[in-house]
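Observations on the three-dimensional arrangement
If you want the building blocks of each chain, they are given just below.
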Amino acid sequence: MHKLKVYFSELEERFRRRSPASRVAFGGLIGFVVTAPISISLAQIFVFTAVVTWLASMTKAAPLVTQKFPLWMPWLFFALFTLASAFHAPDSTKSLIKSRELTQIMIFYLTLNVVRDDWEALWLVKALLVATSISALYALGVSQPGTLSLANRASGFFSIYMTFGGFLLVAGLLALSYLLVPTRERKSVWVYAPTLLILTALMTTLSRSAWIGLVVGTAVIAVASRRKMVGLCLALVAVLVIFIAPNSISRRVKSMVNPQDKTAVERINMWQSGVNMFMDKKLLGFGPGRIKYDYARYASPDATKKSPSHLHNNVVQLAAERGIFALGAWIWVWIGYFVMVILRIRDTKDAPFGTRFRMIGGLAVAAGFLSAGMFEYNFGDSEVAMLMFMAIAMPFAGRTNEVYSG
């Protein structure tokens, strides 16, 4: 209890030292991480209030020239070609409305400019883990009646299990980064409890794409932090899951290597159809949100879904929806991101734990998110994408100017 009072006392002092606009922006970010696992509506209100306040303050408290905008060029090109695709679509109004998701990119820039140092980054992550563990506990103890099965999967406060799984993936990788990145400093032991809850809930979503993302993200943590034992433990856990976990989970894991699995066959059909759609409209695609209207003409005769809302793959989805230029900009973003963060990790190998945690955690989330996105269109899942943008901004966060930061 005493340590908790010290935390809140420090937080209060940091708020006091900030400018009014900075208080609203940072407070909105805190509100976002606390409400995101529970209510998407509240989370959006908090985070976009923070974004608007931050942007509006630039003319006075935070001049534009003092802010950081890494990767602004590929993101700008991605946004421009997305809008061009929307204008070119048969029903441009609907596609333009769908394109409003581009505003979520601003969460990346909000986070890296408003979070001032390691302490604030760690505080945000810990607040997220507490809130997410509550959602996980609800999913495990309240919203999951009966036997776990494909017809009865954990979804927590979310509308669907796949969104819940994607959200838990991001939170879980941040938790594992905190626990696995080595340090001589004393870590908060209580973080083990929410981590266990989050990972257990993730297993009960039966979301294989999120499981793949977790494995890849954890492997990135092991390599980036030079923890060989993490890789061995990961392999041991995988074996235990296959042979000791409940049948519904072990069967789901085994199905990942079964080429005859019905959902695997359906995804392959979707990807082939998506490639055919792209080949027909290479430059600007069919337009954001148009897949479910135009897919039927390209659907395989064996396809069980003739009008899916997405194609279960970020690359195929963006290619078919928005064309080669938007896809190229999107790939440019991630290549640039990995290069920048890996160089930062190399240059900060002797830095304090908080700095290395931010670097490795952001890299792990990016790798896990993209890996899961090979089998799920998680870039179009607002609840997941919003949290992802906050997490991948952590390596770039830090004091940018004295006026805005307070």
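Preceding block: the structure.
Before going into details, it helps to say that this report is about the structure given with it.

Reading the values: the criteria
Residues numbered from 1 in each chain as written. Predicted model: local features only at pLDDT ≥ 70, side-chain atom pairs only at ≥ 80, totals over all residues. Heavy atoms only, no water. Helix = DSSP H or I, 4+ residues; strand = E, 2+ residues; numbered from the N terminus. Buried < 20%, exposed > 50% of the residue type's maximum accessible area, 1.4 Å probe, protein only. Contact = heavy atoms within 4.5 Å. Areas by Shrake-Rupley, 256 points an atom, 1.4 Å probe, with all protein chains shown as cover. Patch = residues over 30% accessible without salt bridge, like charges linked within 9 Å, V, L, I, M, F, W, Y side chains within 5 Å. Salt bridge = Lys/Arg side-chain N within 4 Å of Asp/Glu carboxyl O. Core = buried A, V, L, I, M, F, W, Y, C linked by side-chain atoms within 4.5 Å. Phe/Tyr/Trp six-rings, centres within 6.5 Å; stacked < 30°, edge-to-face > 60°. Axes fitted to C-alpha atoms, helices over the stretch in contact; angles between N-to-C directions. Parallel < 35°, antiparallel > 145°, perpendicular 65-115°, else oblique. Left-handed = near helix turned anticlockwise from the far one by under 90°. Nonpolar A, V, L, I, M, F, W, Y, C, P; charged D, E, K, R; others polar. Expected span 1.5 Å × (residues − 1). Bend = angle between axes of the 7 residues up to and from the residue. Polar contact = N/O pair within 3.5 Å; in protein donor to acceptor, adjacent residues only side chain to side chain.

1. Observations concerning the overall build of the protein chain
Along the backbone of the protein chain there are 18 helices and 0 strands. Looking at the 406 residues of the protein chain, the share that counts as buried comes to 56%. The long-range share in the protein chain, meaning contacts at least 24 apart out of those at least 6 apart in sequence, stands at 76%. Of the roughly 18300 Å² of accessible surface on the protein chain, a fraction of 67% belongs to carbon and sulfur atoms.

2. Thoughts on a nonpolar patch on the surface
A grouping of Trp72, Met73, Leu76, Phe77, Leu80 and Trp332 is seen on the molecular surface, where their side chains present a nonpolar patch of about 580 Å² in accessible area. Of all the elements, helix α4 (residues 72-88) adds the most residues to the nonpolar patch, at 5 residues. Relative to the helices and strands, Met73 is located in helix α4. Since its relative accessible area comes to 35%, Met73 is described here as partly exposed.

3. Some points on the nonpolar core
Counting 106 residues, the largest nonpolar core has Phe78, Phe108, Phe379 and Phe389 as its most contacted members. When near neighbours in sequence (up to four residues on either side) are disregarded, Phe78 contacts Leu102, Ile105, Leu318, Arg322, Ala326, Ala329, Trp330 and Phe379.

4. Observations regarding unusual backbone geometry
Positive phi is not limited to glycine here, since Leu71 has a value of about 65°. Of note, Leu71 is situated in the loop between α3 (40-56) and α4. Leu71 sits in the buried class, given a relative accessible area of 11%. Its identity as a non-glycine residue notwithstanding, Leu206 has a phi of 55°, on the positive side. On the basis of relative accessible area, Leu206 is assigned to the buried category, the value being 1%.

5. What to know about the packing of aromatic side chains
As enumerated under the stated definition, the model contains 27 aromatic pairs in all. Measuring from ring centre to ring centre gives 5.4 Å for Phe69 and Tyr109, while their planes differ by 40°; the resulting arrangement is tilted. Of this pair, Phe69 sits in the loop between α3 and α4 while Tyr109 sits in helix α6 (residues 105-114), placing them 40 residues apart in sequence. Since its relative accessible area comes to 4%, Tyr109 is described here as buried. Between Tyr178 and Phe357, the ring centres sit 6.0 Å apart and the planes meet at 85°, which makes this aromatic pair edge-to-face. Highlighted residues: Tyr178 in helix α8 (residues 161-180) and Phe357 in helix α16 (residues 353-372), separated in sequence by 179 residues. Judged by relative accessible area, which is 5%, Tyr178 ranks as buried.

6. What to know about the packing of helix α2 (residues 20-35) against α3
Running from amino to carboxyl end, α2 crosses α3 at an angle of 160°, the nearest separation of the two axes being 8 Å. Overall, the two elements α2 and α3 adopt an arrangement that is roughly antiparallel. Pair α2 / α3 crosses with left-handed handedness. Along the contact surface, α2 presents Ala21, Val24, Ala25, Gly28, Leu29, Gly31, Phe32 and Thr35, while α3 presents Leu42, Ala43, Phe46, Val47, Thr49, Ala50, Thr53 and Trp54. Of the residues that constitute the contact of α2 with α3, the class distribution is 11 nonpolar, 5 polar and no charged.

7. Focus on helix α15 (residues 314-347)
Given 3.6 residues to a turn, an α-helix orients residues that are three or four positions apart in the same direction. Compared with an ideal rise of 1.5 Å per residue, which puts 34 residues at 50 Å, α15 spans 31 Å between its outermost C-alpha atoms and falls more than 12% short. At Gly323, α15 is bent by approximately 130°, the largest bend along its length. Regarding α15, its N-cap is Asn313, as a side-chain oxygen of that residue lies 2.9 Å from the backbone nitrogen of Val315 further along.

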